[in-house]
Amino acid sequence: MIFGRGTRLNVESKLEVEPDYYKLVGGETTACLATGFTRQNGTSNHTLFKDKTAAVRIENDKVYNQVVVLPTGNNGDECETESKDSSCEDSIKPDPKVNFVSVTVLCLRLLFIKTVVFNVLMTFRLWISQ
């Protein structure tokens, strides 16, 4: 919120969470992403983020995110070294009950479609025979 010229109000949470850093690579472009931090200036002590881009917060979200595109020749080693945990694991495990229900719903849909097609064909046959 900005009140007049030079007055700025930042409402921040009491909970302080440090950012997680991730290196993003796509073709020739390398970027560093800082995500999940609660202070707007949470990346001010990181050399890659100094005076580059502003931290943004998605509406109705409690954390800030910030990204900086690295210049050509910088492979983003500084981004990875400050990350606490850069590994991503798939934490979703398959559930047999969900699989069973999904297959059951699929079978019921196929049975319904088969019934509709059969009824339409019988109706056309009756209509043509009259």
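Structure shown above.
Computed from a predicted model, the values in this text were never measured in an experiment.

When you look at the packing of aromatic side chains in this model, what are you seeing that I'm missing?
Aromatic ring pairs are reported here in terms of the distance separating the ring centres and the angle at which the planes meet. A complete count under the given rule lists 1 aromatic pair for this structure. Measuring from ring centre to ring centre gives 6.3 Å for Phe124 and Trp127, while their planes differ by 40°; the resulting arrangement is tilted. Taken together, the residues Phe124 and Trp127, both in helix α2 (residues 96-129) and 3 residues apart, mark about one turn of the helix. Taking relative accessible area as the criterion, Phe124 reaches 45% and is therefore assigned partly exposed.

Sorry if this is basic, but what is going on with the sheet that holds strand β4 (residues 64-69) here?
In sheet architecture, strand pairing relies on hydrogen bonds along the backbone and comes in two forms, parallel and antiparallel. Spatial strand order, β1-β2-β4-β3: 4 strands in an open sheet with antiparallel pairing. Edge positions in the sheet fall to β1 (20-26) and β3 (56-57), since each has one partner strand and no second. As paired strands, β1 and strand β2 (residues 29-37) are joined by 7 bridges and run antiparallel to one another. Looking at the pairing, Leu24 lines up with Ala31 of β2.

Got a minute to help me understand the pairing of β2 in this structure?
Regular strands have side chains that alternate between both faces of the sheet. Taken together, β1 and the strand that follows it, β2, pair antiparallel across an intervening segment of 2 residues, in which Gly27 is found at a positive phi of about 65°. Two elements, β2 and β4, share 6 bridges in a ladder whose sense is antiparallel. If you follow Cys32 over to β4, its bridge partner there is Val68.

Explanation requested: the nonpolar core in the structure shown.
When a protein is soluble and globular, its nonpolar side chains tend to lie buried together. Grouped together as the largest cluster of nonpolar side chains are 11 residues: Tyr21, Cys32, Ala34, Phe37, Leu48, Phe49, Ala55, Tyr64, Val68, Leu70 and Cys79. Put simply, the parts of the chain that give this core at least two residues each are β2 and β4. At 3 residues, the largest contribution of residues to this core is made by β2. Once residues within four sequence positions are removed from consideration, Phe49 is found in contact with Tyr21, Cys32, Leu33, Ala34, Thr43, Gln66, Val67 and Val68.

Just checking my understanding: could you explain the environment of Gln40 for this structure?
Considering the arrangement of structural elements, one finds Gln40 in the loop between β2 and β3. Separated by 25 residues in sequence, Gln40 and Asn65 place their C-alpha atoms 8.9 Å apart.

Which parts of the structure should I look at to understand a nonpolar patch on the surface?
On the surface, Phe112, Ile113, Val116, Val117, Phe118, Val120, Leu121, Met122, Phe124, Trp127 and Ile128 cluster together into a nonpolar patch covering about 1,200 Å² of accessible area. Tracing the backbone shows Val120 in helix α2. Here Val120 falls in the partly exposed class, since its relative accessible area comes to 39%.

I'm lost on the pairing of β4 in this one. Help?
The sheet contact formed by β3 and β4 spans 2 bridges and is antiparallel. Counterpart to Arg57 in the pairing with β4 is Tyr64.

Can you help me understand the side chain of Gln66 in this one?
Assignment of secondary structure puts Gln66 in strand β4. Look past the residues within four positions of Gln66 in its chain and what remains in contact with it is Cys32, Leu33, Ala34, Phe37, Thr43, Phe49, Thr53, Ala54 and Ala55.

So, how was this worked out
- Residues numbered from 1 in each chain as written.
- Predicted model: local features only at pLDDT ≥ 70, side-chain atom pairs only at ≥ 80, totals over all residues.
- Heavy atoms only, no water.
- Phe/Tyr/Trp six-rings, centres within 6.5 Å; stacked < 30°, edge-to-face > 60°.
- Helix = DSSP H or I, 4+ residues; strand = E, 2+ residues; numbered from the N terminus.
- Buried < 20%, exposed > 50% of the residue type's maximum accessible area, 1.4 Å probe, protein only.
- Pairing = 2+ DSSP bridges.
- Core = buried A, V, L, I, M, F, W, Y, C linked by side-chain atoms within 4.5 Å.
- Contact = heavy atoms within 4.5 Å.
- Patch = residues over 30% accessible without salt bridge, like charges linked within 9 Å, V, L, I, M, F, W, Y side chains within 5 Å.
- Areas by Shrake-Rupley, 256 points an atom, 1.4 Å probe, with all protein chains shown as cover.
- Salt bridge = Lys/Arg side-chain N within 4 Å of Asp/Glu carboxyl O.

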